[in-house]
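This is what each chain is made of:
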Amino acid sequence: MDLKKMLNCSAIVLSMACLLACNTKGKADTEDKTSKAYLNEVSTSKQGQAFMEDDGNEMNALKLALTSPDHTTLVKAVQEAEVENALVNVGPLTVFAPTNAAFNKIDKATLEDLLKPEHKSALAGILVHHVAPSNYPLKTLQKNVEKNRKLYMADGQYLDVTTQGDDIYIGGTKIIKSVNVSNGWVHIIEEVLLPN
Amino acid sequence: MKTIQKFLLGLSAGLLLVGCGNTSKDSSNSGAMSSSNAEKVYVPPGEHDEFYAFMSGGYSGNLTVYGLPSGRMLKEIPVFSQFPTNGYGYSEESKAMLNTSFGFIPWGDAHHPDISQTDGVLDGRWIFINENNTPRIARISLTTFETEEIIEIPNSAGNHASSFVTENTEYIVAGTRFAVPNPQKDMPIDEMKGEFKGPLSFISIDQEHGHMNLDFQLNMPGFNYDLAHPGRDKSHGWFFFTSYNTEEAHSMQEVNASQNDKDFIAAVNWKKLAEYVKNGGGTKVAGTYAHNVYDESTMTATTEMKEGVISVDPRNVEGAVYYMPVPKSPHGLDVDPSGQYIIGNGKLSTQLSVYSFDKMMKAIENKDYDGDAYGIPILKFDSVLEGVVDSGGLGPLHTEFDGKGFGYTTFFISSEVVKWKIGTWEVVDRLPSFYSVGHLTIPGGNSRKPFGKYMFSMNKITKDRYLPTGPELEHSAQLYDISGDKMDLLLDFPTHGEPHYAAAIPADLIKSKSKKYYDLEENNHKYAAKSEAATRVERNGNEVHVYATTVRSHFAPDNIEGIKVGDKVYFHITNLEQDFDVPHGFAVIGANTSEILIMPGQTKTITWEPEREGVWPFYCTDFCSALHQEMQGYVRVSGKNSSTKLRWSLDDEWKE
């Protein structure tokens, strides 16, 4: 389901909930409360820092991804897994962001399957494997190599940091670009990192 | 005898009415009404209140910010008192805010906040608040919600009739509630009468920056000037002050200041006085006062000690100052939104006296005087009185307006709020307040344009309103719905310190302007380090300056060596974050100051004078991030004569 469809769908759910609420007007108190609670559930699902209007702030990791034409698949995955709020959290976070090309390296059927609602938690697991708590600018990653420090990822696993020439590799994939965001760093990578 | 009978009659009527009020309240508590009241104050999680309310903190010296109708406390803004929560008054940058001609004063008694106005309407630029004990006035930005300026008022004492704003924020006033010798001198106390003075100060406001300037002082007779309000609309240009103790008693005032049947409202034509001073009128007299200004660019406050003030003898400016008699030791002085009616609340009376501005002008024109007080003409009571609100309540203190033709007055002794109609002066509703209400506030209720949806009372006595917390209780406030014909008590909520008064404003007028963080580019602090590359440690004799930064989740530098016992270490911390609501804190073991809380883009400084050798930690006091617990560092302190090299590092990259 693409984003547009998803939005349409939630609009339908919302309007249905509204109708429910209207219909129960004047009926017993308990029924009214039930429909209200339902409405509430629907309307709160898109609450949180990710949905705050915050003009003037420096870009956070999520906003950066949203504005990048090379990361539409990643954005779709983040939205499907509903982990938006984690990416705008105060962090600090270092996000390794696979490009659309990186996602395209996965076979199409597997990818589509992964983006289905029933695989939401598996998808979320993969995404969390791309996030390291703490600030890791390139310089610090470089020092990880020198000092033989491992990189602790948010899903609890460790990734190796290596270098080849001037390039830095994370879990075997090359960092091709780095951006400082308000809640940490985003490093763009060429492959999707799959957890063990 | 006749008066006593009337008094008793009023008393019993008051009690009866209070009794009725209580009964109806009890019955409404258990019915359907109370559930709809719950909905009226319910602000769902994540949603915002409709109004900001700024309550004075009284003896806390601060200003607290609440949301209405929820009654949720949003912030405490430090003003006249040191505030360890964020380091205000402790940090090197903010210490100067608390300088006075008496030296550094770490505490104040904050009373009456008032929001700036344009054309008589709240404009949400600044909020002013007065300090009663060491006379001062502060200006707080409604963009940063920080105190930006404090001016001391010389030659005065008990600055209570303050800090009320004229309708284009041309002036704010300061009063003298405790008459004093002016100039101060060593003299017998019991020779007060005729010797003491009650100067009223007029502080002009620079419209661009809000900066305050003590323009002149009106050297009034030594009565106790208690509260004030400016005229508005048709009476714009005048200021009205209540006074009590026209007896000029110097002891046991609780008895001796209640001997005169009537005291005075001073009607002051400030426009005329300002013109007079502008044309060279008045005399420059002695008076030392501190003027403290915080510069947002350098993030630092500075003090200028000023000398001398223009003093105006009220008898020298014809047509500028009059007295109007007002019964029974008045407290509140309020002007209705049209500017036509001036309300004096005699606190030992059962009635409110309503004066007409038109009648006052006519009496002035006709020189309709009833003698004078120290050469100031007293206008004839009957010539200026327009009406009387005879409520039967006891101890009227303060009135505000709803913009729909009604006034709301608090009664301290009968502990109630009374609603009455402007023009007919009839009482239309009354509800109890819990307990012993002081002031009340309606958003914009002392301006030309009140927002008459809610009113809240601020009460002096709490007793059993909340869970008991030992002998000392926070004061209570009550929120009333005043959108209908009858008032409806909606909510009871505790406040902080002692709110003597509050100012409130629709949130929409200011919330979009609220600052989110300081732009690092615009940080011109002398000791800012705007990047980790710029961090360093410099020694100058026994003074050590640490130029440090914070970012989630580390300090740079986080290891420092070469500090010696007897050094004075200045930690200048710049928060490199450029994100909303990501402050970092800084504290170091053994510091005899406080922690500091540094907003994104800001630089703050705290000093540390280590007395013991060792390796001492410092850390971030604000839970800033997932790795907040890791946000710490060490300072190595060596003996006074040690040769330990001064050096610093982050992640083992040592520099010196």
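What counts, and at which threshold
Residues numbered from 1 in each chain as written. Chains lettered and ligands numbered in written order. Predicted model: local features only at pLDDT ≥ 70, side-chain atom pairs only at ≥ 80, totals over all residues. Heavy atoms only, no water. Pairing = 2+ DSSP bridges. Helix = DSSP H or I, 4+ residues; strand = E, 2+ residues; numbered from the N terminus. Axes fitted to C-alpha atoms, helices over the stretch in contact; angles between N-to-C directions. Buried < 20%, exposed > 50% of the residue type's maximum accessible area, 1.4 Å probe, protein only. Arc of directions from axis to C-beta. Contact = heavy atoms within 4.5 Å. Polar contact = N/O pair within 3.5 Å; in protein donor to acceptor, adjacent residues only side chain to side chain. Buried area = accessible area lost by both parts, 1.4 Å probe. Salt bridge = Lys/Arg side-chain N within 4 Å of Asp/Glu carboxyl O. Nonpolar A, V, L, I, M, F, W, Y, C, P; charged D, E, K, R; others polar. Domains from an automatic or database assignment.

Take the sheet that holds strand β26 (residues 396-401) of chain B next. Residues and elements named next belong to chain B. Sheet architecture is open: four strands sit in the order β26-β27-β28-β29, paired in antiparallel fashion. With partners counted over all chains shown, the strands left at the sheet margins are β26 and β29 (427-432), one partner each. Adjacent strand axes in the sheet meet at a mean angle of 20 degrees, parallel and antiparallel pairs treated alike. As paired elements, strand β27 (residues 406-411) and strand β28 (residues 416-421) share six bridges and run antiparallel to each other. The residue of β28 that forms the bridge with Gly407 is Trp420.

Our next topic: helix α4 (residues 270-278) of chain B. An α-helix turns once every 3.6 residues. As a result, residues three or four positions apart point the same way. Residue and element names in this part refer to chain B. Taken residue by residue, α4 has Trp270, Leu273, Ala274 and Val277 as its buried positions. Looking straight down α4, one finds its buried side chains confined to an arc of 100 degrees; they lie on one side. Against the buried residues of α4 lie β10 (171-174), β12 (196-205), β13 (212-221), β15 (238-244), β16 (262-269) and β18 (300-312). The N-cap of α4, judged by a side-chain oxygen 3.3 Å from the amide nitrogen of Lys271 a few residues on, is Asn269.

The subject of this paragraph is the sheet that holds strand β21 (residues 341-346) of chain B. All names here are of chain B. Pairing in this open sheet of four strands is antiparallel, and the strands run β20-β21-β22-β25 from one edge to the other. The open sheet has two free edges, formed respectively by β20 (330-335) and β25 (385-390), since each of these has just one partner strand. Strand-to-strand twist of the sheet, defined as the mean angle between neighbouring strand axes without regard to direction, takes the value 20 degrees. Across five bridges, β21 lies against strand β22 (residues 351-356) in antiparallel orientation. Along β22, the bridge assignment pairs Ile343 with Val354. Most of the contacts of helix α5 (residues 357-365) go to β22, to which it runs at about 60 degrees, and overall it touches β21, β22 and β25.

Let us now look at the interface of chain A and chain B. Taken together, the contact pairs 19 residues of chain A with 18 residues of chain B. Here chain A and chain B share an interface that buries about 1,400 Å² over both sides, 39% of which is from carbon and sulfur atoms. Glu653 of chain B serves as the salt-bridge partner of Lys139 of chain A, at 3.6 Å between the closest nitrogen and oxygen. Connecting chain A to chain B are nine residue pairs in polar contact (both at pLDDT 80 or more). Class assignment of the residues belonging to the side of chain A that touches chain B gives a composition of four nonpolar, seven polar and eight charged.

Looking now at the domain arrangement of chain B. Residues and elements named next belong to chain B. Annotation of chain B at the domain level lists domain 1 (2-159 + 209-219 + 273-513) and domain 2 (520-655). Here the C-alpha centroids of domain 1 and domain 2 sit 43 Å apart. Listed as interface residues are 13 residues of domain 1 and, on the opposing side, 17 residues of domain 2. Surface buried jointly by domain 1 and domain 2 totals about 1,100 Å² across both partners, of which 49% is contributed by carbon and sulfur atoms. If you sort the residues of domain 1 by the area they bury against domain 2, Glu92, Glu93 and Met299 come out on top, with a joint share of 39%.

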